[in-house]
Amino acid sequence: MDRIIIRGGRPLNGRIAISGAKNAALTLMPCALLTDEILELQNLPRLADVDSFMHLLNQLGVSTMVKGAKGDGFSRTMTLKASDIASTVAPYDIVRKMRASILVLGPLLARAGEATVSLPGGCAIGNRPIDLHLKALQALGAEIELAAGYVKATAPEGGLTGGTISFPTVSVGATENALMAAVLARGTTVIENAAREPEITDLAQCLIAMGAEIEGLRSDTLTIHGKDRLHGAAYQVMPDRIEAGSYACAAMITGGALELANAREDSMHAILAGLKDAGGEVEILDNGIRVSANGATRPLSLSTAPFPAFPTDMQAQFMSMLALADGTSLLTETIFENRYMHVPELSRMGADIEVRGRSAVVRGVDHLVGAPVMATDLRASMSLVLAGLAARGETQVNRVYHLDRGYERLEEKLSAVGADIERVSDG
Ligand code: EPZ
C-alpha cells in the first residue's frame, strides 16, 4: 500500500491546473449506455474511480478508448460506444469498490428495459441507502425486485413512461438516475426537489447535447420530454469544484497564494464565501481563481447542505484549515451521519476538536505537529494532507488509495507549488 510523506511548514505559491470533476465524470460516463453512437468525453480526470467505472462499462458491452493527454498534461479524452448492451448486470465485486456504479441502473433500464445492480452497501461516511433511486424509477413504471443483495429493475412492455418524481429529500445520485432514465421514457417526466449540484447541470447539458429535451436546468424542478433515441455527442467535463476548494484550503493553511487554473466561480460561491469569511483573499481571474491567505485564519460557523449551500465534500478540508484559526469554529454536517472520521487523526496532530452529534467544535491551536495518520475516506484523506502541509515536522498519510479516487496526481500538483511531499510505495 502506498503512503504519502509530507514535511510541513512551507507556504505554497504558484499555479495548480484543476482537473475534470470526478462527480461529473461518474455520471457522464453511463450516458454512453443511452445511445448506440459514440459519446466523447473531454477533460476526463485520471482517477481510480474513473478507471473502475470504465471497467464496469466494458463489462456491460461499452467499448472505450482513451486518447492522450492535452494541455496541462492532466486531462484526457475518452470515447465510449455502446453499440449493443452485452450484459445488464453490475456485479458485486465492482459495485462494492465504487458505489457510484449504481448510476448504471437508470440508463440500463432506459436502453435495455432491465438492469440488475448489486446493492452498493454503505461506506465509511454513512450507510448510503438507494431507496430514493428506486422510488424514482418506479414512478416511471419500473418493477423493482430486491434479492440476494441485488436490485433488479424491469421496465414495462414498451418501455418506461413519463411521470412525476417528487423527492422527499435532495439526492444527487437519485436525481442523476432519474434524469438518465427519463430521457428515453415515453412522455413527460417532472422531477421535483431535484438536486441542483453543478454536476447535475453538467449531466443535463451533456444529455441535451445528445438530443434530450430538458427544462429547468439549475432549478429544483426538472422537466424532461422523453425521446425515442439519443445520438452521440462530444462533451467537456466541468472542472472539479471540490478539488479547487481543497487546494484553496492548502493556500490558506500554509499562508500562501495559489492560482487555481480552470476553476469556475459559478460552481463555488459557498466555498469562496467561506474562504473570504475565514480571512482569505479571493480574486476571480479570466480562467481561474486566485486564493491567498491574508494573515491569521478567522473562525467560522458553517453548516453543510445541498447546493448552493456549503458542500459536505468540503467539510473535512475546512476543518483542517480552521484547526489553526484564531478562535473557535462550529461545523455542522447535515448530509452524512458519519463524516467526522478525520477528527481522531487530526487530534493526533494536536488539533483541538470536539464532536457533539452532527456538530464539531474546532478550537484553533497555535500549531499542528506531524504524525503518522490513517486515511479513512476520500475527503478525510485530503484533510490530513492539508494538516500535514501546515504541521511542524513529518506527516505520514497511510492508505492513500482513498486519495487516488478523487485527486489526480496530488503529490505532483502540490510539489510543483512548493510542498515537500513524496509518495512511498510499500509494494
Ligand atoms: C454524491 O453522493 C457525491 N458522489 C458525494 O461525493 C456527495 O457527498 C453527495 O452527492 C452529496 O453532495 C458522487 O457524485 C459520486 P446523495 P450521493 O444521494 O449521490 C441520503 C465525494 O466525496 N440518501 O445526495 O450518494 C444519503 O444517505 C462523494 O466525492 C437516501 O437516504 O449522495 C445522504 O444522507 C462522497 N436515499 C443524503 O441522502 C437515497 O436513495 C445525500 O445523499 C439516496 C441518498
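Before reading further, recall that the structure is shown in the block above.
Residues numbered from 1 in each chain as written. Predicted model: local features only at pLDDT ≥ 70, side-chain atom pairs only at ≥ 80, totals over all residues. Heavy atoms only, no water.

(A) Expanded view of the packing of aromatic side chains. Following the criterion strictly, the structure yields 2 aromatic pairs and no others. Centroid distance Phe310 to Phe318: 4.8 Å. Interplanar angle 70°. Geometry classified as edge-to-face. Taken as a pair, Phe310 and Phe318 share a single burial class, namely buried. (Phe/Tyr/Trp six-rings, centres within 6.5 Å; stacked < 30°, edge-to-face > 60°. Buried < 20%, exposed > 50% of the residue type's maximum accessible area, 1.4 Å probe, protein only.)

(B) Looking closely at the environment of Pro91. Here Pro91 is to be found in the loop between strand E6 (89–90) and helix H3 (92–95). For the pair formed by Pro91 and Arg264, sequence separation is 173 residues and the distance between their alpha carbons is 36 Å. The contacts of Pro91, once residues within four sequence positions are left out, are Leu56, Gln59, Ser118 and Tyr150. (Helix = DSSP H or I, 4+ residues; strand = E, 2+ residues; numbered from the N terminus. Contact = heavy atoms within 4.5 Å.)

(C) Local environment of the site of the ligand. Taken together, 20 residues surround the ligand, and among them Asp131, Leu132, Ser171, Asp313 and Ile335 come closest. In this structure, an oxygen atom belonging to the ligand sits 3.0 Å away from a side-chain N or O atom of Arg128. A distance of 2.7 Å separates an oxygen atom of the ligand from a polar atom in the backbone of Leu132. Coverage of the ligand by the protein chains reaches 85% of its 820 Å² of free accessible surface. Elements with a contribution of two residues or more to the shell around the ligand: helix H1 (22–28), helix H5 (131–138), helix H6 (172–182) and helix H12 (378–390). Per-element accounting of the shell around the ligand gives the leading share, 3 residues, to H5. (Near = heavy atom within 4 Å. Polar contact = N/O pair within 3.5 Å; in protein donor to acceptor, adjacent residues only side chain to side chain. Areas by Shrake-Rupley, 256 points an atom, 1.4 Å probe, with all protein chains shown as cover.)

(D) Up close: the sheet that holds strand E13 (residues 221–225). One open sheet accounts for 4 strands, arranged E10-E11-E13-E12; its pairing is mixed. Each of the sheet's edge strands pairs with one partner strand only, and the pair in question is strand E10 (164–166) and strand E12 (213–215). Direction aside, neighbouring strands of the sheet carry axes that sit 15° apart on average. In the sheet, E10 pairs with strand E11 (residues 188–192) via 3 bridges, with the strands oriented parallel. Each residue of the ladder has a partner; that of Ile165, found in E11, is Ile191. (Pairing = 2+ DSSP bridges. Axes fitted to C-alpha atoms, helices over the stretch in contact; angles between N-to-C directions.)

(E) Region of interest: the pattern of salt bridges. What the rule picks out here adds up to 25 salt bridges. The residue Asp313 makes a salt bridge to Arg339 at a minimum N-O spacing of 2.7 Å. Of this pair, Asp313 sits in the loop between strand E18 (301–303) and helix H10 (315–322) while Arg339 is found in the loop between strand E19 (328–332) and helix H11 (342–348), placing the two residues 26 residues apart along the sequence. Comparing Asp313 with Arg339, the two get one shared label, buried. Note that Asp352 is salt-bridged to Arg363, the shortest N-O span being 3.6 Å. Here Arg363 lies in strand E21 (residues 359–363) and Asp352 lies in strand E20 (residues 352–356), a separation of 11 residues in the sequence. Classification of Asp352 as partly exposed rests on a relative accessible area of 32%. With relative accessibility at 29%, the residue Arg363 sits in the partly exposed group. Each of Asp2, Asp404, Glu411 and Arg423 takes part in a single network of salt bridges with overlapping partners. (Salt bridge = Lys/Arg side-chain N within 4 Å of Asp/Glu carboxyl O.)

Scope: geometric values only; no functional claims are made or implied.
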